Amino acid sequence: MGFAEELFMNLVEVISAGFMIFGGSLPYIPQYLKMRQENSSEGFSLKVCLVLLTANILRIAFWFGKFYETPLLIQSVVMILTMLFMLEVCVKLRKEQTLTSNRRKSFTDFNVGDFWNWTTFSDYLQCVISMVAVISLLTYIFVENTAYIETIGTLSLCTESTLALPQLFKNFSSGSTQGMSVKMVMLWFLGDSFKTLYFIIRSAPLQFLMCGSIQTLVDLMIFYQVLTYSDHKP
């Protein structure tokens, strides 16, 4: 291979790695802008953040027992930070629209009915920290246990594959896609398609390929909702 060809291949590899790291977070830029424009987070499902936080915390734990490519590890860290940012914005907007007389919902109340529907961002942060603590402890104890490592790897990818399902169900229950950014879903679809192809080319573990395929399918189902719910406004 000549110098020019080697340089080109290295450049493609760097760009691909960069897209893998930051590409998953890009769809949330248009959703953030839409929420700011409308001063409302009602059209975005907070459970999307729950799914991605859970999946990426598990994926990082999986790395300690079964190394995979570094860009995928960094992607998980970037995604966790992105979801925490989205949570903070959503909670702030929701508090601005909620009457102060409403009952405060707290993580430390341990009320199952209020789960992931708390009043302040600090409650969500406490939940995430608790999740990290439990998974870290279990991984420290069972890191040499192949069954445990394979299980959390599979759970991570299975959880991530349901990323768009909360949004799909939210749209279905309200009969509307109002407040949801179509650009976000479009970027979901492009990212998931690219990711699935990347997994195939790089011979990533089967769990990764299954995750990408399911995500792409759900993205297409949300596009169908956009087309069928006539009250949607771009």
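Look a little higher up for the structure.
Keep in mind that what you see is a predicted model, and the values were worked out from it rather than measured.

A.B. asks: Just give me the short version of the pattern of salt bridges, but keep the residues and values in it.
C.D. replies: Considering all chains together, one arrives at four salt bridges under this definition. The partner of Arg59 in a salt bridge is Glu160, and the shortest N-O contact between them spans 2.5 Å. Here Arg59 is found in helix α3 (residues 47-65), whereas its partner Glu160 is found in helix α6 (residues 146-161), with 101 residues between them in sequence. Of the residues examined, Arg59 reaches a relative accessible area of 0% and is grouped as buried. Among the residues examined, Glu160 registers a relative accessible area of 5% and is labelled buried.

A.B. asks: Describe unusual backbone geometry, with residues and values.
C.D. replies: Although it is not a glycine, Asn39 sits at a positive phi angle of roughly 55°. Take Asn39: it is sitting in the loop between α2 (28-38) and α3. The partly exposed category is assigned to Asn39, whose relative accessible area is 40%. For Phe110, which is not glycine, the phi torsion reads 50° and is therefore positive. Here Phe110 shows up in the loop between α4 (70-97) and α5 (121-142).

Each value, and the rule that gives it
- Residues numbered from 1 in each chain as written.
- Predicted model: local features only at pLDDT ≥ 70, side-chain atom pairs only at ≥ 80, totals over all residues.
- Heavy atoms only, no water.
- Salt bridge = Lys/Arg side-chain N within 4 Å of Asp/Glu carboxyl O.
- Helix = DSSP H or I, 4+ residues; strand = E, 2+ residues; numbered from the N terminus.
- Buried < 20%, exposed > 50% of the residue type's maximum accessible area, 1.4 Å probe, protein only.

From the geometry alone we can't say anything about function, so treat these as descriptive.
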